[in-house]
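# Tertiary structure, described
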Amino acid sequence: MPTELNALAALPEIVVLTAAASILLIDLFVPDDRRHVSYWLTQLALLVAVCVTLTTLRLDSVTAYHGLVIDDMLADFLRIACFLAVSLILFYSRSYLVARGMFRGEVFVLMLFALLGMQVMITGNNLLTLYLGLELMSLSLYALVASRRDDARSTEAAMKYFVLGALASGMLLYGMSMIYGTTGSLDLGRVAHAIFARQGSPALLTLGLVFVVAGLAFKLAVVPFHMWVPDVYEGAPTPITVLIGTAPKIAAFAMALRLLSTGLQGASFDWQGMLIVLSVLSMVLGNLIAISQTNIKRMLAYSTIANMGYMLLGLLTANRYGYSAAMFYVVTYALTSLASFGVVMLLSRHGFESDRLDDFKGLNQRSPWWAFIMLLVMFSLAGLPPTVGFYAKFMVIEAAVSDGFVWLAVIAVMTSLIGAFYYLRIVKLMYFDEPVETLPIVVRGDTQLVLSVNGLLLLLLGILPQQLIGLCAIALTQSNFP
Amino acid sequence: MSFQTFTFYAFAAILVFAALRVITTRNPVHAALWLVLSFFTAAGIWLLLQAEFLAIALVLVYVGAVMVLFLFVVMMLDVNFDSLRQHFRSFLPVGTAVGMLVLLEMALVIVGSAVGRTVSAPAAPAGSNTQALGMLLYVDYVYPFEIAAVVLLVAIIAAIALTHRKRREMKHQDPSAQVRVRASERVRLVSMPSEKPPV
């Protein structure tokens, strides 16, 4: 175990923790009608965290806290992605929270703690830190899902999420204990070393791996560990749904990458097979079941399942090229998902959730601009050029093909054709149907601006994707992934 | 058989028996008390391994605090365990089948790889047990220790945020308003016309 402390490497974590604790205290002295003070303080904390991450950005990788934490380009890049995602969620959800009496300090503080958990997952270099980060994130999310206490669906969703999440954590922990038992270390570097040196029993290692992959699959929401996703997406308040659907996916991707690549690259032959099964099942089931949904939150839940299946295509190649494609996929998926839920929240108002597909009928007549943004989102989710979703799908499929999985690529293309049906159905509802709802859409100015930028980014990144693709590739190269 | 081995087997036998009783007894209060007994014997086994700090912590924290709290909860909540057991039988066949399958698979792997292994003797730390634990917790593993503290903080915040609610229909006192009250607000003098005497 290296002895240096190197606390600077964890500065963004320290900033977020300090901010969360301070806002928790300050919020006590803020009167109910000035709750926006806590809101803007949270936004400020996220801005400071982004700045701190950028100033401490480094090209090489460095371990801190006796090797428990690793700070590399991958960590910095994904941390910033998570900060921005949470900040955008706050921008989009402000009116929604105010209208439902959820504009409270606890919500912001719990979001920050969930974010801290994600950061710990992203920078974890040890089974212990990865697990603790995951628990911190999950625990905050369970509480956030239940935050509308008087809503029966919300409470039910929280209960399901909690019970299944606890089970998944147990499985992950059990798998980690097996890996520890056979390799004799919790440190990912040493685990990798022990596997390459063929220490310990390979059967025990594979058994541990099965449990670890099952736990990860639950957090990534892939079939057959997806049962919680539709109910939680539908039952949770929309801002929490989008929080579950975006930043934690980035963190879970980072955790999967660290565990499977840094730690268990030596067992890649075993986990490759498992990921192939998960990926195929997710792509097929996610896209097929999404067709029959009438609630947009449930539809987007199945869309998440399918999209995580595509993301796994990149991860399962077990080489740097595939990892960078998967990373590009997960980041751009988070961006697209943010915009989709942003529009859903935009159309909702007090006492009206706007979560049925019919609520999107004739959106073009009510507001051509938001219909256009939603059109971009749906094109991106369907993987149509010139949006960023096209490049994301193209890159993971290319990674799979170049690694020899042509049949996987065929399944991916077929299922994304099926998927295009239900994404384009939304476009049809918006442009060719008569509106049911005729009330004007009232939106705050800052929400309008941020959501428009987010939507246009999908188009911009679709036309000029090189910078982001290059950034993903550099982050992985600099972070010494095999 | 040395005395140490004898003590170990005695503790181990009581521990296994108590643990079995925890899940077989019908009365939840008895189950909690059996759990207390199993904690005590586990602490005894730790003492045999010269891990005196852990043994004392187990008795103080789990027996002294957690289990007593648990007993209170069990007694106060008055959970109807019979209604919880209602669906037990209908899920039993599937549950048993899946459980046995997983158990069998794991037994095959673990027995196959653990046979012939020798268990190393407990490594006694150079200084005292407590000092060694302190070094590990507050120096080597300070980062996960702090994260664990944050997890507990989140648990507290979540518990309060989810259960603390102001009910509007509830009548409650406002002491500051009571203190600030003035005599003029307390007593209202009403002048009423005197009634006419009955004729």
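An account of the accompanying structure is given in this report.

### Some thoughts on the packing of aromatic side chains
Under the defined criterion, the tally for this structure stands at 22 aromatic pairs over all chains. Plain terms: the ring middles of Tyr39(A) and Phe103(A) are 5.7 Å apart, the flat faces sit at 40° to each other, and that makes the pair tilted. Remark: Phe103(A) occurs in the loop between α3 (73-99) and α4 (105-123) and Tyr39(A) occurs in helix α2 (residues 36-55); sequence separation between them is 64 residues. Here Tyr65(A) and Tyr143(B) contribute two aromatic rings whose centre-to-centre distance is 4.9 Å and whose plane-to-plane angle is 35°, an arrangement assigned as tilted.

### Some details on the interface of chain A and chain B
One widely used convention gives an interface's size as the accessible area the parts lose upon coming together. Contact residues are listed per partner, giving 35 residues for chain A and 25 residues for chain B. Here chain A and chain B share an interface that buries about 2600 Å² over both sides, 80% of which is from carbon and sulfur atoms. Here chain A is connected to chain B by zero salt bridges. If you look at where chain A meets chain B, you find two residue pairs in polar contact (both at pLDDT 80 or more). Elements supplying a minimum of two residues to the side of chain A that touches chain B: α1 (11-26), α4, α5 (127-145), α6 (152-183) and α8 (202-220) of chain A. In terms of residue class, the side of chain A that touches chain B is made up of 24 nonpolar, seven polar and four charged.

### Let's talk about the side chain of Thr317(A)
Locating Thr317(A) in the fold gives a position in the loop between α13 (296-315) and α14 (320-347). For Thr317(A), the residues in contact, after removing those within four places along its chain, are Gln272(A), Gly322(A), Tyr323(A), Ala399(A), Ala400(A) and Asp403(A).

### A closer look at empty space enclosed by the protein
Residues and elements named next belong to chain A. Taken as a whole and assessed by the stated rule, the structure comprises five cavities of 30 Å³ or more. The computed volume of the largest cavity comes to approximately 70 Å³. Taken together, Asn307, Tyr329, Thr332, Tyr333, Thr336, Ser380, Leu381, Val388, Gly389, Ala392 and Lys393 make up the lining of the largest cavity. Every element with two or more residues in the lining of the largest cavity is listed here: α14, α16 (368-382) and α17 (388-402). Taken together, the residues of the lining of the largest cavity break down into five nonpolar, five polar and one charged.

### Observations concerning the layout of surface pockets
All names here are of chain A. Its volume calculated, the second largest pocket comes out at about 660 Å³. Considering the residues around the second largest pocket, the lining is formed by 27 residues, among which Ile80, Leu84, Ala85, Leu88 and Leu335 are closest to the centre. Here the lining of the second largest pocket gets nine residues from one element, more than from any other, and that element is α3.

Calculation notes
- As a convention, each chain's residues are numbered from 1 in the sequence order in which they are written.
- Here the convention is simple: chains get letters from A, ligands get numbers from 1, in the order in which they are written.
- Owing to the predicted nature of the model, reporting of local features is limited to residues with pLDDT of at least 70; listing and counting of side-chain atom pairs is limited to 80 or more, with chain, interface and lining totals taken over all residues.
- Each side-chain value is derived from all of the structure's non-hydrogen atoms; neither hydrogens nor water enter the calculation.
- Stacked, tilted and edge-to-face pairs are distinguished by plane angle, under 30 degrees for stacked and over 60 for edge-to-face with tilted covering the rest, among Phe, Tyr and Trp rings (Trp via its six-membered ring) whose centres lie within 6.5 Å.
- Per the convention used, a helix needs a DSSP run of H or I reaching at least four residues, while a strand needs a run of E reaching at least two, with both numbered from the N terminus.
- Whether two residues touch is decided by their heavy atoms; if any such pair falls within 4.5 Å, the residues are in contact.
- Note on terms: buried area is the combined drop in 1.4 Å-probe accessible area of two parts once they are placed together, counting the loss on both.
- Between Lys or Arg on one side and Asp or Glu on the other, a salt bridge is scored when a side-chain nitrogen of the former is within 4 Å of a carboxyl oxygen of the latter.
- The definition of a polar contact used here is a pair of N or O atoms within 3.5 Å, where within protein one atom must be able to donate a hydrogen and the other to accept one, and adjacent residues in sequence count solely through side-chain atom pairs.
- Amino acids outside the nonpolar list (Ala, Val, Leu, Ile, Met, Phe, Trp, Tyr, Cys, Pro) and the charged list (Asp, Glu, Lys, Arg) are all regarded as polar, and Gly is one of them.
- Of the grid points, spaced at 1 Å and generated over the protein atoms alone, those admitting a 1.4 Å probe that cannot get out make up cavities, while open sets with protein on both sides within 12 Å along at least five of seven lines make up pockets; any residue with an atom within 4 Å of a point is treated as lining.
- Grid points are joined across faces, edges and corners, and a volume is the space filled by probe spheres set on the points.

In short, geometric facts, not functional conclusions.
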